Amino acid sequence: YCNVIIDNKEITVPEGTTILEAAKKININIPTLCYHPDLSIKANCRICSVEVKGKNKLVAACSTPIWDGAKIVTNSKLVRDMQKGVLELILANHPQDCLRCIRNGKCELQKLCEIFHISKSNLEDEVDALEVDSSSPSIVRDHRKCIKCNRCLEVCQESILSHAHRSIHYSITPAFERKLMDTLCVFCGQCSSVCPVGAIYEKDDTQKVWDAIHNKDKHVIVQIAPAVRVSIGDEFGMDAGKKVTGKLVAALRRIGFDKVFDTDFAADLTIMEESSELLYRIENGKTLPMITSCSPGWINFIEGNFEHLLKYLSTCKSPQQMFGAISKTYYPKIMNIDPSSIFTVSIMPCTAKKYEATRKEMNSSGFRDIDVVLTTREIARMIKSSCIDFEGIQEEEFDTPLGISTGAGVIFGATGGVMEAALRSVYEIATGMALNNLEFIGVRGLEGIKEASININGNTIKVAVAHGLDNAKKILEMIDKGKCDYTFIEIMCCPGGCIGGGGQPIGTTLEIKDKRIQSIYKVDEEMPIRKSHKNPAVLKLYEDFLGKPLGNLSHKLLHTNYNP
Ligand code: HC1
């Protein structure tokens with residue numbers, strides 16, 4: 001243990017504790033910029049410098065372990081001059097269009113400048129000369145705003161970003177300064193969620209949605225992804241993980257959407273198709289293991305890196321895209337609306353979903369199946385600009401029938417959820433018997449690769465769940481080497497699954513992801529129906545329109561082939 005004094009306050013901390021951590025324990029806030037609680041410590045911005053008392057020496061609080069007898073000062077003139085100097089240096093090379101910046105009000109640099117009363121101007125002309133990369137439908141990179149903290153570089157799951165040049169020309173960029181669209185970027189957006197400023201952000205599509213809402217000839221419908229209901233509250237200062245489904249539904253109606261539906265409905269539909277596909281493959285000796293296909297970042301990854309393993313993917317479209325196809329075929333039919341007037345919006349925790357919706361094969365309804373995808377952050381922006389009191393708004397229910405769902409649909413939002421939902425249905429469909437214990441604890445939680453097995457008609461089926469592309473890669477290498485004995489595998493691109501998607505509120509940490517996961521399972525527990533194949537609206541869709549799972553129309557509208 002170390003006995004130390006920080007700003008005249010005594011504290012005892014275990015050896016190895018950093019100065020930053022020790023100060024936090026006694027409520028002394030040391031400013032940080034490159035530091036992020038879930039990433040490694042880089043200590044390259046030096047904003048967290050503190051003084052070693054009596055030595056006239058500064059050390060970085062984030063990376064320096066405190067020592068026994070240390071006397072630290074966090075607010076001396078030396079410290080403040082250093083902190084202001086760091087900020088002024090960054091600003092000398094940073095645009096100051098804060099009022100127009102996508103991160104206005106949520107920018108860590110802006111916050112620090114406010115705290116330190118920074119007022120010096122910069123060399124804006126030079127800064128503006130750099131190009132903004134908006135080549136992808138998902139993410140925008142604005143090099144001009146980069147403060148070189150390296151967070152994006154570390155969080156990048158595909159090592160797309162790297163260092164280039166030196167000195168004042170030093171930059172973080174894809175190799176050969178390619179545009180993102182010309183790289184193997186999977187568009188997961190994790191970089192955009194850890195960027196402390198507005199240097200990487202989701203492509204903002206809110207204006208397209210406003211235009212549709214204000215167009216009298218359009219019938220504008222919206223679907224809400226499973227993970228958004230337990231995360232969007234963060235944007236309005238509510239407790240992390242708080243379930244706000246009813247408030248979100250009400251806010252979307254207030255904004256002007258004609259109908260508010262649930263992606264969970266389509267998740268149930270996905271389970272109907274995916275369970276049937278799995279049983280078909282098992283019973284007919286077809287390709288196994290079968291791997292889930294609902295995470296678009298994961299699809300981009302396998303297409304870009306393991307093309308020869310594409311045959312293992314389920315042919316099911318994701319719930320987002322199944323919803324799109326149904327929203328422009330079945331829905332206009334039962335509503336007696338011209339399908340060409342329907343404008344379908346998705347609210348997703350994910351930036352890769354924007355890319356998925358633009359794929360050329362996603363138009364089986366005869367139209368673009370999904371017109372616009374908005375991330376959690378974008379819809380929060382629309383709610384704020386409508387001056388809605390989100391916390392105070394009265395809860396409302398989804399519209400029917402595409403808003404009817406089950407507990408199995410909602411758990412899609414957490415890693416392991418698709419597998420658990422599928423097992424609940426596969427078992428009952430294959431055996432004709434009721435499943436007593438619905439909770440497959442083995443596939444829950446944040447462990448990188450999880451396993452479980454289930455006995456179906458005397459055969460043991462081994463399954464696995466992986467989240468994050470490092471873990472996905474391990475599974476693919478097992479398959480490649482012929483060392484994989486799983487029958488069914490769930491893979492999600494983002495660590496934690498969709499609750500940790502790259503379009504989620506800024507400030508998402510591991511701790512917050514955990515709270516969202518707990519909340520999602522609670523939503524499931526409280527649902528009156530918890531198995532997808534018992535969803536009455538899905539059953540009616542088959543009865544009145546699709547026929548049967550894997551039938552001709554289901555095949556046309558709900559399945560696809562993924563190609564590199
Ligand atoms: Fe997801 Fe999915 S769970 S991919 O994580 O299968 O984005 O939430 O909507 O499509 O249902 C995301 C979440 C989401 C799809 C579903």
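In this text, all values refer to a predicted model and were calculated from it rather than measured experimentally. (Residues numbered from 1 in each chain as written. Predicted model: local features only at pLDDT ≥ 70, side-chain atom pairs only at ≥ 80, totals over all residues.)

**Student:** Would you mind going over the domain arrangement of the protein in detail, with residue names and values included?
**Tutor:** Segmenting the protein into domains produces domain 1 (2–90), domain 2 (96–203) and domain 3 (207–558). Taking the mean C-alpha position of each, domain 1 and domain 2 sit 26 Å from one another. At the junction of the two partners, domain 1 supplies 15 residues and domain 2 supplies 16 residues. Residues belonging to the side of domain 1 that touches domain 2 are distributed by class as follows: eight nonpolar, four polar and three charged. (Domains from an automatic or database assignment. Contact = placed C-beta atoms within 7 Å. Nonpolar A, V, L, I, M, F, W, Y, C, P; charged D, E, K, R; others polar.)

**Student:** So what's going on with the environment of Ile 342? Which residues, and what values?
**Tutor:** Its location among the elements puts Ile 342 in strand S14 (residues 342–348). Sequence separation of Ile 342 and Ala 212 is 130 residues, and the distance between their C-alpha atoms is 9.7 Å. In contact with Ile 342, other than residues within four places in its own chain, are His 219, Ile 221, Ser 327, Lys 328, Pro 332 and Ile 337. (Helix = DSSP H or I, 4+ residues; strand = E, 2+ residues; numbered from the N terminus.)

**Student:** Could you give me a rundown of unusual backbone geometry, with the residues and numbers involved?
**Tutor:** In the segment running from Leu 288 into Pro 289, the intervening peptide bond is cis, with an omega of 0°. With respect to the helices, strands and loops of the structure, Pro 289 is situated in the loop between helix H9 (263–283) and strand S13 (290–291). With an omega dihedral of 0°, the bond running from Thr 400 to Pro 401 counts as a cis peptide bond. Mapped onto the fold, Pro 401 is located in the loop between helix H14 (376–385) and helix H15 (407–410). With a phi close to 65°, Arg 46 is a non-glycine residue in the positive phi region. For Arg 46, the position within the fold is in the loop between helix H1 (19–25) and strand S3 (49–52). Of note, Cys 387 is a non-glycine position whose phi angle comes to about 55°, a positive value.

**Student:** Could you give an account of the site of the ligand, naming the residues involved and the relevant values?
**Tutor:** The environment of the ligand is made up of 19 residues, and the closest members are Ala 225, Ala 227, Cys 294, Gln 320 and Cys 498. Residues of the shell around the ligand, tallied by class, amount to eleven nonpolar, seven polar and one charged. (Near = placed C-beta within 6 Å.)

**Student:** Break down the sheet that holds strand S10 (residues 200–202) for me, with residues and values.
**Tutor:** In spatial order, the strands read S6-S7-S10; together these three strands make up an open sheet with antiparallel pairing. Each of the sheet's edge strands pairs with one partner strand only, and the pair in question is strand S6 (132–133) and S10. (Pairing = 2+ DSSP bridges.)

**Student:** Run through the sheet that holds strand S1 (residues 2–6), naming residues and quoting values.
**Tutor:** In space, the five strands of this open sheet follow the order S2-S1-S5-S3-S4, with mixed pairing throughout. The sheet terminates laterally at strand S2 (9–13) and strand S4 (57–60), the two strands that pair on one side only. Neighbour-to-neighbour, the strand axes of this sheet turn through a mean angle of 35°, independent of strand direction. Across two bridges, S3 lies against strand S5 (residues 71–73) in antiparallel orientation. Bridge pairing in S5 links Val 52 to Ile 72. (Axes fitted to C-alpha atoms, helices over the stretch in contact; angles between N-to-C directions.)

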